[in-house]
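Next come the chains, spelled out residue by residue.
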Amino acid sequence: MIEIRNYEFVTVTGPDAKAFLQGQVTCDVEKLSENSALAGAICNLKGRVIADFLLALDGEDCVLRTQSGMAGIIKNTLAKYAIFSKVELSTETRFTKVLGAMADEDEAFLSKNIEKLPECALACHISNQAIFVRIPGKDKRLEVWVHDERRFEDWVIDHDSDAEESWNKKDILQGFIHISPQLSEEHTPQALNYDLSGIIDFSKGCYTGQEIIARMYYRGSAKKRLSLLLSKSLIEQDNEVIQRQGEKTRTSKILAFSNSPNEFENSALLSILDIASEESSFSLSTQTDEEQELNLQSLSYPLTDDQ
């Protein structure tokens, strides 16, 4: 088990909580239940992503788990539309910490210590002590949103930063990008592959930005998409991806990256790249102008257990 320290929470309470969120987020909140969580996003009127989240029920309340620095942004965004609904928004967390576990590696321990172990992606189990959520992906990871730490005193928890970095790298390798304050309102869901990964439900009703997002999905074709690249060298914050396609050269910002802790594993990054009509080559810019080769990797969506 590891402690995950880069999460924040927003709680939506009140009799209109689910109906209110249904008109604001990309996932179908009508599918939310005590046994099923949802992955979704909040967009602005121009169809750009403000934040992404994992949504679960805690009693009658809706709880959005998001990234560090994003809870206040989500609260302020939703507050603009909440005045006509019987809801209250809060960033005061009811969870003392978040733990992460690998369901495959720790299955025996988890089965013994959890009343009902969530078995498929986005399945969840709610108890008085915690909410247990199987997050999307092929690696069967489990998040534990802890209410009562006394319940978990005998759990051996790794507080090492390398363990948390390894956890975050699993998202990158599967093509999941999470919105930070720096990325908020910068990109469309299509560019981030949210239309492929299950973040957007195209069968639900209207929500903020829905018209533009639907038009891009049904009428347009994406010219740029989030892409995964691997590197044998270390990646730094100010590096860029250089894409060469024939005689054309383009540079792209790195949206997320994780360096390898040893020489046997590749570092990984996510960047929005042009979808090449002909073969491209990729390299990593450096301060010394010595480019390092990058290898483009294929991504498979949606990231559910049957893929």
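Our structure's up above, just so we're on the same page.
Residues numbered from 1 in each chain as written. Predicted model: local features only at pLDDT ≥ 70, side-chain atom pairs only at ≥ 80, totals over all residues. Heavy atoms only, no water.

**Topic: the overall build of the protein chain**
Turning to step 1, where the next piece is worked out: What the protein chain contains, in helices and strands, is 5 helices and 16 strands.
Turning to step 2, where the next piece is worked out: Its C-alpha atoms put the protein chain at 60 × 45 × 35 Å along the principal axes.
Turning to step 3, where the next piece is worked out: Each of the 307 residues in the protein chain was classed as buried or not, and the buried ones make up 51%.
Turning to step 4, where the next piece is worked out: Long-range contacts, defined as pairs at least 24 residues apart, comprise 69% of the intrachain contacts of the protein chain with a sequence gap of at least 6.
Turning to step 5, where the next piece is worked out: Per element, the accessible surface of the protein chain, about 15300 Å² overall, is 46% carbon and sulfur. (Helix = DSSP H or I, 4+ residues; strand = E, 2+ residues; numbered from the N terminus. Buried < 20%, exposed > 50% of the residue type's maximum accessible area, 1.4 Å probe, protein only. Contact = heavy atoms within 4.5 Å. Areas by Shrake-Rupley, 256 points an atom, 1.4 Å probe, with all protein chains shown as cover.)

**Overview of the layout of surface pockets**
Turning to step 1, where the next piece is worked out: Roughly 1100 Å³ of internal volume is contained in the largest pocket.
Turning to step 2, where the next piece is worked out: If you trace the largest pocket, you find 40 residues lining it, with Ile177, Leu183, Ile254, Leu255 and Ala256 closest to the centre.
Turning to step 3, where the next piece is worked out: Of all the secondary-structure elements, those providing two or more residues to the lining of the largest pocket are helix 4 (161-173), strand 12 (240-245), strand 13 (248-258) and strand 14 (267-274).
Turning to step 4, where the next piece is worked out: It is strand 13 that contributes the most residues to the lining of the largest pocket, 9 residues altogether.
Turning to step 5, where the next piece is worked out: Here the lining of the largest pocket is built from residues that sort into 14 nonpolar, 16 polar and 10 charged. (1 Å grid on protein atoms, 1.4 Å probe; cavity = no way out; pocket = protein on both sides within 12 Å on 5 of 7 lines; lining within 4 Å. Points joined across faces, edges and corners; volume = space filled by probe spheres on them. Nonpolar A, V, L, I, M, F, W, Y, C, P; charged D, E, K, R; others polar.)

**Overview of the sheet that holds strand 13**
Turning to step 1, where the next piece is worked out: An order of 11-14-13-12-15-16 is seen for the 6 strands of this closed barrel, with the pairing classed as antiparallel. Geometrically, the sheet is characterised by an average inter-axis angle of 40 degrees between neighbouring strands, direction not taken into account.
Turning to step 2, where the next piece is worked out: Relative to strand 16 (residues 292-297), strand 11 (residues 224-231) runs antiparallel, the two sharing 4 bridges. When the bridges of strand 16 are listed, Leu230 appears paired with Asn295. (Pairing = 2+ DSSP bridges. Axes fitted to C-alpha atoms, helices over the stretch in contact; angles between N-to-C directions.)

**Examining the packing of aromatic side chains**
The relative placement of two aromatic rings is captured by the distance of their centres and the angle of their planes.
Turning to step 1, where the next piece is worked out: Considering all chains together, one arrives at 7 aromatic pairs under this definition.
Turning to step 2, where the next piece is worked out: Measuring from ring centre to ring centre gives 3.7 Å for Phe202 and Tyr217, while their planes differ by 15 degrees; the resulting arrangement is stacked. Separated by 15 residues along the polypeptide, Phe202 in the loop between helix 4 and helix 5 (210-219) and Tyr217 in helix 5 bring together distant segments of the chain.
Turning to step 3, where the next piece is worked out: Put simply, the rings of Phe9, Phe95 and Trp145 pair up and form one aromatic cluster.
Turning to step 4, where the next piece is worked out: One Lys or Arg, Arg65, reaches over the ring of Tyr7 and ends 4.0 Å from the middle of that ring. (Phe/Tyr/Trp six-rings, centres within 6.5 Å; stacked < 30°, edge-to-face > 60°. Lys NZ or Arg CZ within 6 Å of the ring centre and 35° of its normal.)

**Thoughts on unusual backbone geometry**
Turning to step 1, where the next piece is worked out: Although it is not a glycine, Leu122 adopts a positive phi angle of roughly 70 degrees.
Turning to step 2, where the next piece is worked out: Among the structural elements, Leu122 can be located in the loop between helix 3 (107-113) and strand 8 (124-126).
Turning to step 3, where the next piece is worked out: One non-glycine residue, Lys140, lies in the positive phi region at around 55 degrees.
Turning to step 4, where the next piece is worked out: Relative to the elements of secondary structure, Lys140 occurs in the loop between strand 9 (130-134) and strand 10 (141-146).

**Considerations on a negative patch on the surface**
Turning to step 1, where the next piece is worked out: A cluster of acidic side chains, namely Asp158, Asp160, Asp162 and Glu165, defines a negative patch on the protein surface.
Turning to step 2, where the next piece is worked out: Overall, the relative accessible area of 34% leaves Asp158 in the partly exposed class. (Patch = residues over 30% accessible without salt bridge, like charges linked within 9 Å, V, L, I, M, F, W, Y side chains within 5 Å. Salt bridge = Lys/Arg side-chain N within 4 Å of Asp/Glu carboxyl O. Lys, Arg positive; Asp, Glu negative; His and termini not counted. Charge placed at Lys NZ, Arg CZ, Asp CG, Glu CD.)

**Side note on the nonpolar core**
Turning to step 1, where the next piece is worked out: Judged by nonpolar contacts, the single largest core of 67 residues is most densely connected at Val12, Leu21, Leu55, Trp145, Ile177 and Tyr194.
Turning to step 2, where the next piece is worked out: Ranked by residue count, the leading element in this core is strand 4 (residues 49-58), at 8 residues.
Turning to step 3, where the next piece is worked out: Ile177 has contacts with Asp52, Leu183, Leu192, Tyr194, Leu226, Leu255, Ala256 and Leu270, leaving out every residue within four places of it along the chain.
Turning to step 4, where the next piece is worked out: Counting residues in each nonpolar core, the second largest holds 13 residues, with Met1, Leu99, Ile114 and Leu117 among its members. (Core = buried A, V, L, I, M, F, W, Y, C linked by side-chain atoms within 4.5 Å.)

**A few points about the side chain of Glu143**
Turning to step 1, where the next piece is worked out: Here Glu143 is to be found in strand 10.
Turning to step 2, where the next piece is worked out: You can call Glu143 buried: its relative accessible area is 0%.
Turning to step 3, where the next piece is worked out: One polar contact links Glu143 to Trp145, side chain to side chain, over a distance of 3.0 Å.
Turning to step 4, where the next piece is worked out: With sequence-adjacent residues up to four places away left out, Glu143 is seen in contact with Tyr7, Leu54, Arg65, Leu99, Ile131, Phe132, Val133, Ile135 and Trp167. (Polar contact = N/O pair within 3.5 Å; in protein donor to acceptor, adjacent residues only side chain to side chain.)

**Let's talk about the sheet that holds strand 1 (residues 2-4)**
Turning to step 1, where the next piece is worked out: Judged by pairing direction, the sheet is antiparallel, and its 5 strands sit side by side in the order 1-7-10-9-8 without closing on themselves. Strands with a single pairing partner mark the edges of an open sheet, and in this sheet they are strand 1 and strand 8. On average, each strand axis in the sheet is tilted by 25 degrees relative to the strand beside it, whichever way the strands run.
Turning to step 2, where the next piece is worked out: As paired strands, strand 1 and strand 7 (residues 97-102) are joined by 3 bridges and run antiparallel to one another. Of the residues in strand 7, the one forming a bridge with Ile4 is Val98.

**Observations regarding empty space enclosed by the protein**
Turning to step 1, where the next piece is worked out: All chains considered together, the criterion is met by 2 cavities of 30 Å³ or more.
Turning to step 2, where the next piece is worked out: Space inside the largest cavity adds up to approximately 190 Å³.
Turning to step 3, where the next piece is worked out: Along the walls of the largest cavity sit 17 residues, with Ala39, Asp52, Pro136, Phe176 and His178 positioned nearest its centre.
Turning to step 4, where the next piece is worked out: Elements that contribute at least two residues to the lining of the largest cavity include exactly strand 3 (38-43) and strand 4.

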